[in-house]
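# Examining the three-dimensional arrangement
One letter stands for each residue in the lines below.
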There are 2 protein chains.
Amino acid sequence: MPVIRLDCTKCDRTFAPGAVLNLCTSCSAPLFARYDLERAAKTLRPEALATRERSMWRYHEVMPVEDPAQRLSLGEGYTPLLHAPRLSEWLGLKRVMVKDEGGNPTGSFKARGLSAAVSMAKVLGAKAVCLPSAGNAGSALAAYAARGGLEAHVFVPKDIASLFLMETRAYGAHVETVDGLITDAGRVCASLAREHGWYECATLKEPYRVEGKKTMGYELAEQLDWTLPDVILYPTGGGTGLIGMWKAFEEMETMGLIGSKRPRMVAVQAEGCAPIVKAHAEGQPDAPMWPGATTHAHGLRVPKALGDFLILRAVKASGGTAISVTEEEIVQGTKELAASEGLFAAPEGGACVAALRKLQSAGQVAPDESVVVFNTGTGFKYVENMTPLW
Amino acid sequence: MPVIRLDCTKCDRTFAPGAVLNLCTSCSAPLFARYDLERAAKTLRPEALATRERSMWRYHEVMPVEDPAQRLSLGEGYTPLLHAPRLSEWLGLKRVMVKDEGGNPTGSFKARGLSAAVSMAKVLGAKAVCLPSAGNAGSALAAYAARGGLEAHVFVPKDIASLFLMETRAYGAHVETVDGLITDAGRVCASLAREHGWYECATLKEPYRVEGKKTMGYELAEQLDWTLPDVILYPTGGGTGLIGMWKAFEEMETMGLIGSKRPRMVAVQAEGCAPIVKAHAEGQPDAPMWPGATTHAHGLRVPKALGDFLILRAVKASGGTAISVTEEEIVQGTKELAASEGLFAAPEGGACVAALRKLQSAGQVAPDESVVVFNTGTGFKYVENMTPLW
């Protein structure tokens, strides 16, 4: 197995890989997988990558599953980084690009994390997996569980769009709707997981989803010829992708693939649920539970993120910021992305366009800076959420 | 421009490229683009392809737009060809693979054809484009028109799922709903196109959509290490993909990329709209209008295809067949694909799984033959159609 160690992200505990582990057993913080990067650097070279498979598993030296036969893959990752000339012009900028995650299996970036996590769950001997979800993580868990012949249990807020229930159940998963938000669903899930011995794959509650998500950072670098953009706007719910990309940048620098320059990381949230924005503005190291969370961008409706301190740390270290946008601005941003470039994005993607417009107006992004906006999923799965607001 | 000539598919007329052309001006049959394949063969080599971009434009020697700056691209094509071990087992076969087109821009294989067609429309000076559609072609036309800053007009049956209207209008297209089927929408579209001078991009009514679609054939060969499967099941409405793949096989053989062996091409239709199945069974060279066409797989609800004779010709020449499935079987096939492999397919994809089950039962596919099933789009766009039947 390429993973040589699991490190706690908060205390100094380390763990041997090869066991079914969730959080640090001392301090309950997330664990990070570590690799022998000196060894990985010998083969993970730009010229070698050029001929590799078109999925996130192309970076296999720094991925948890070594044997291709053990990977549960549906072709996740290696998504397009689209130059967006018309959107750039509309925004008064010159080099806006969109990392479009909507074409992933199950229609969102969640496929990356769950491909890695469910593969590892199976490798480590789990028979059943579970998580709480706003929708997309649940369907991705269910899809990879189907692919691997595992049992899956998904817990979702009861106001979820009906499409997610149909999709997730079609994959054969057991879906339970919970009165409340994803945090409430998380409590029910954790309790039943303990009772039945299911492996919990909640955001950052096991070490491998972030390994799948970090590949977005590898792809950006590869697609930009081993440079990074000046600014990255990332819609931040649980924040695994932002945390993962930050980890990827560090790994890539250690391996000599990129230099020490980092993009300014911008965590984008909705005004109705902006715990990271508030904590960042106040200079706090972590973000307390946001009361009464609400937004139609359900992936952003995460009132308390387990990795809040990791998100805030990366945003601060990068010289970036955290910014919130209104529901109306999200709708506007989503529409702009469609009309300018032909991308029917999830509202989370629209939120990033809206946030970029605000940063541009405030002079926080210069016209000639290179900017990557993340669209984390297809809009098709959000039509029920969007319809009343459009 | 790589295209050296346009050949009529029915009579012996040929046309010079470089003009805005629709059908053959003598016999009103579709036109095929021809390339200097001897020249193309010099650079279109397996080893050269290994390092090319991850989109259908990787086969640029045999694509209509030479200058990358003139391609309207959203990352279409180069989709996964997934081995489906669990589905294979369920079907009593050994080597079933799924060519999953659901991750394309706009969520379907229509992106390929319209990326090529709208790019060429722009290159040739068109300011406005139009077509009739069951849904996916219209949204793809609109998306690429947005990307290129062209005006788009889309004509759809009025019972279309509301998602398509929202999506297509978000891209800025004018959408008109028409009482009737796609053929009725086609008449309205053609008449307004003449009146306003819009460039008509209806299926096979211009020569370049099929050039985009044919790349599915190139990809199959590349993904199978320059061999072809024994059997291909393709959901057949207008049939451009089947026609395109057949053209691709011929081009590839001429260039020495593959041998003379061809897969048996199976055209899959719905019992409620099976003009090709009927014509094939009767040994007719073309397929008369199917009265009262109905199926929830709207992409198959094409009562009369302009390229019927080309579909029938390819099916026959390949030793393949045409087969229809019921609505219930389509639902069952769609569910099987989800539960076995984690793919939430369009009903057109489900229809192919259902058809494969029938062929297997009838002994028309041997257990160890390699079979490719096409899923032509994501199921997310069909939830409104599927819900009453699931």
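Residues numbered from 1 in each chain as written. Chains lettered and ligands numbered in written order. Predicted model: local features only at pLDDT ≥ 70, side-chain atom pairs only at ≥ 80, totals over all residues. Heavy atoms only, no water.

Quick note on the threshold: UniProt positions are given in the numbering used here, feature names are shortened, and annotations may be inferred rather than shown by experiment.
Under an unreviewed UniProt entry, the name given to chain A is Threonine synthase. Checking UniProt for chain A, the heading Catalytic activity (unreviewed entry) contains the comment "O-phospho-L-homoserine + H2O = L-threonine + phosphate".

### Let's talk about the overall build of chain A
Which entries qualify depends on this criterion: Secondary structure elements are defined from DSSP: runs of H or I of at least 4 residues count as helices, runs of E of at least 2 residues count as strands, and each element is numbered from the N terminus. Throughout this description, buried means an accessible area under 20% of the type-specific maximum (1.4 Å probe, protein chains only), exposed means over 50%, and partly exposed covers the range between. Two residues qualify as a contact provided that any one of their heavy atoms is within 4.5 Å of a heavy atom in the partner residue. Residue-level accessible areas treat just the shown protein chains as cover; the underlying method is Shrake-Rupley with a 1.4 Å probe.
When you go through chain A residue by residue, the secondary structure sums to 15 helices and 13 strands. Dimensions along the principal axes, computed over C-alpha positions, put chain A at roughly 50 × 50 × 40 Å. Counting over 390 residues, chain A shows a buried share of 67%. Long-range pairs, those at least 24 residues apart, make up 69% of the contacts in chain A with a sequence separation of at least 6. Summed over all atoms, the accessible surface of chain A reaches about 13000 Å², with 50% contributed by carbon and sulfur.

### Brief notes about the relation of the copies chain A and chain B
Heads up, the condition is: Fitting of the copies onto one another was done by least squares over C-alpha atoms, counting residues only where both copies have pLDDT of at least 70.
Once chain A is rotated about the relating axis by 180° and shifted along it by 0.0 Å, it coincides with chain B to within an RMSD of 0.0 Å. This pairing of chains is accounted for by a two-fold axis. Among all C-alpha atoms of chain A, that of G103(A) lies closest to the rotation axis, at 2.0 Å. Most of the interface of chain A is mirrored in chain B, where 100% of its interface residues again form contacts.

### Considerations on the pattern of salt bridges
Residues and elements named next belong to chain A. Counted only if it meets this: Basic side-chain nitrogens of Lys or Arg form a salt bridge, by our definition, when they fall within 4 Å of a carboxyl oxygen of Asp or Glu.
As enumerated under the stated definition, the model contains 50 salt bridges over all chains in all. With a closest N to O distance of 2.5 Å, R187 and D184 form a salt bridge. With R187 and D184 both in helix α7 (residues 182–196) and three residues apart, this pair spans about one turn of that helix. Of the charged contacts in the structure, one is a salt bridge between E200 and K205, with a shortest N-O distance of 3.1 Å. Overall, the relative accessible area of 9% leaves E200 in the buried class. Taken together, the salt bridges that share partners define one network made up of K99, E101, R112 and E219.

### Some points on the packing of helix α13 (residues 327–341) of chain B against helix α14 (residues 347–361) of chain B
Residue and element names in this part refer to chain B. Our working rule: Every angle, taken between N-to-C directions, lies between 0 and 180 degrees, and every axis is a line fitted to C-alpha atoms, over only the stretch in contact when it is a helix. Under this scheme an angle from 65 to 115 degrees is roughly perpendicular, one under 35 degrees roughly parallel, and one over 145 degrees roughly antiparallel; angles in between are oblique. For this scheme, ten residues count as nonpolar: Ala, Val, Leu, Ile, Met, Phe, Trp, Tyr, Cys and Pro. Four count as charged, namely Asp, Glu, Lys and Arg, and the remainder, Gly too, count as polar.
Their axes nearest at 7 Å, the elements α13 and α14 cross at an angle of 100°. Judged by the inter-axis angle, α13 sits roughly perpendicular to α14. For the pair formed by α13 and α14, the contact residues are E329, I330, G333, T334, E336 and L337 on the first element and P347, G349, G350, A351, V353, A354, R357 and K358 on the second. Tallied by class, residues from the contact of α13 with α14 come to six nonpolar, four polar and four charged.

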